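# Working through the structure, step by step
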Amino acid sequence: MEQKYLARIVDDLLQERLASSGAVLVEGPKWCGKTRTSMEASKSHLFMQDPDKRVSYMKAADTKPSLLLKGDTPRLLDEWQTAPVLWDAVRYAVDMRGEPGQFILTGSAVPVDNAVQHTGTGRIARLRMRPMSLFESKESNGSVSMKALFNGDADIDALSELTIEQIAFSIVRGGWPASVKASPKTAYRHAVDYVEAIINQDVSRVDGIEKSPARVRALLWSLARNISTLATIRTIRNDIAMGDEENSLSEKTISQYLNALDRIFVTENLPAWNPALRSKTAIRTSPKRQFVDPSIATAVMRLTPERLLDDFNYFGFLFESLCDRDLRIYADAIDGEVFHYRDSSGLETDAVVALNDGRWAAIEMKLGSKEIEEAAEHLLKLRNKVNTDKMKEPSFLMILTGTELAYRKQDGVLVVPIGCLKS
């Protein structure tokens with residue numbers, strides 16, 4: 001029996017794109033729910049990877065791709081990159097029809113370069129989809145709204161019911177829709193199977209270049225060890241080698257492998273924020289290493305929730321990864337992006353949510369309560385460094401925690417459990 005559809009934050013965003021564009025490309029990692037979400041919004045569909053019809057679909061794509069576009073609209077073309085010619089066929093059809101909401105394309109990989117002739121700008125809108133946030137999986141009660149905070153609503157008195165043990169489980173399980181309602185054992189297996197598919201198949205299929213599974217595994221292991229850090233390619237190379245140059249990968253090879261992981265949406269690094277500052281302090285521009293979901297890191301390292309609870313230092317890095325995932329989902333819903341900040345003085349902030357209208361908020365992530373005061377100091381220092389003659393004052397300063405109580409500190413900094421947050 002088909003499981004009941006769990007509403008996604010991206011549902012409304014998809015409807016908005018369909019109302020304004022001829023076609024919408026929904027892209028993101030496998031198993032994140034792209035197809036199911038798109039089916040909810042479509043009136044006809046074409047599954048390019050249907051084993052019973054794939055051969056005939058590919059022949060049609062080679063001879064007359066417009067045949068595959070016939071059907072009630074919005075028409076879903078699932079895993080369109082299997083036949084990249086569909087992109088140009090959709091772009092042309094959108095031009096000819098002159099109506100919005102004609103097609104939804106889903107893809108779990110970016111096609112090889114030059115596979116399509118046109119970018120689709122102005123005709124095909126893009127929409128990034130990720131695994132489920134804690135609010136979407138019903139684990140966050142959503143009592144604190146990020147949109148409301150940006151709009152000046154400072155009433156955040158709330159209580160999270162998420163325990164540290166439940167947060168550990170949520171990290172290991174991940175936000176994969178098929179895992180959310182599964183038993184713990186099955187959910188853990190899903191994440192491991194996902195990683196094994198990346199290692200043995202997906203990362204080579206994306207660009208047609210065969211890659212050593214052992215090397216892919218070593219790279220993923222290093223990325224997992226360096227999650228939520230600014231590790232450079234050289235750092236990753238040295239981490240993989242572990243003193244044995246014979247087992248090392250060249251920086252060029254690592255870059256190629258990282259590019260392949262980006263193209264199948266397994267990695268999603270956090271870019272650096274570059275605000276106007278009062279001083280001439282140099283801003284670090286390196287991205288922060290992240291997977292699209294923290295469960296990828298725990299699956300690579302075969303960590304259980306119990307083992308995670310035995311290593312609170314590493315747990316903290318994974319908690320930051322969990323928060324980054326959710327913040328990105330919530331920021332998308334309010335027309336914003338998520339960055340990190342670090343400068344040459346050593347001041348760093350885990351996340352900055354910047355809206356396209358110029359509003360921004362700085363956020364630190366702390367699993368427990370012991371580091372709240374130190375985190376608040378960092379946020380206040382950043383606020384004082386930003387040149388508010390050229391930029392707006394921060395809408396709010398927040399510490400995201402694994403604790404229970406949401407409240408406003410005397411210095412104005414908000415303390416919000418991840419189990420209370422929503423867009």
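Up top you'll find the structure we're talking about.
How each quantity is defined
Residues numbered from 1 in each chain as written. Predicted model: local features only at pLDDT ≥ 70, side-chain atom pairs only at ≥ 80, totals over all residues. Heavy atoms only, no water. Pairing = 2+ DSSP bridges. Helix = DSSP H or I, 4+ residues; strand = E, 2+ residues; numbered from the N terminus. Contact = heavy atoms within 4.5 Å. Axes fitted to C-alpha atoms, helices over the stretch in contact; angles between N-to-C directions. Buried < 20%, exposed > 50% of the residue type's maximum accessible area, 1.4 Å probe, protein only. Phe/Tyr/Trp six-rings, centres within 6.5 Å; stacked < 30°, edge-to-face > 60°.

### Topic: the sheet that holds strand E7 (residues 158–159)
Pairing within the open sheet is mixed, and its seven strands lie in the order E7-E12-E13-E11-E10-E9-E8. Edge positions in the open sheet fall to E7 and strand E8 (336–342), since each of these has one partner strand only. Sheet analysis places strand E10 (residues 360–366) next to strand E11 (residues 396–401), joined by six bridges and oriented parallel. Among the inter-strand pairings, Met365 is bridged to a residue of E11, identified as Leu400. Sitting on the sheet, helix H14 (residues 312–333) is in contact with E8, strand E9 (348–355), E10 and E11, with an inclination near 155° to E10.

### What about helix H10 (residues 233–241)?
Those residues of H10 that fall on the buried side of the exposure criterion are Ile236, Asp239, Ile240 and Ala241. The elements touched by buried residues of H10 are helix H9 (213–225) and helix H11 (251–263). Looking one or two residues past H10, Met242 carries a phi angle of roughly 50°, positive in sign.

### Examining unusual backbone geometry
A cis amide bond links Thr73 with the next residue in sequence, Pro74, at an omega value of 0°. Among the secondary structure elements, Pro74 is positioned in the loop between helix H3 (54–63) and strand E3 (75–78). The backbone of Phe265 sits at a positive phi, close to 60°, despite the residue not being glycine. Looking at the secondary structure, you find Phe265 in the loop between H11 and helix H12 (295–300). For Phe265, a relative accessible area of 4% puts it in the buried group. Non-glycine residue Arg302 carries a positive phi angle of around 55°.

### Side note on the packing of aromatic side chains
Counted under the stated rule, the structure contains seven aromatic pairs. Between Trp31 and Tyr194 the ring centres are 5.4 Å apart and the planes differ by 55°, which places this aromatic pair in the tilted class. Of this pair, Trp31 sits in the loop between strand E1 (23–27) and helix H2 (34–41) while Tyr194 sits in helix H8 (residues 184–205); the two residues are 163 residues apart in sequence, bridging distant segments of the chain. Tyr194 gets classed as buried once you look at its relative accessible area, which sits at 5%. An angle of 65° between the planes, with centres 4.9 Å apart, marks the rings of Phe150 and Phe396 as edge-to-face. Placement of Phe150 in helix H5 (residues 146–150) and of Phe396 in strand E11 is noted, with a sequence separation of 246 residues between them.

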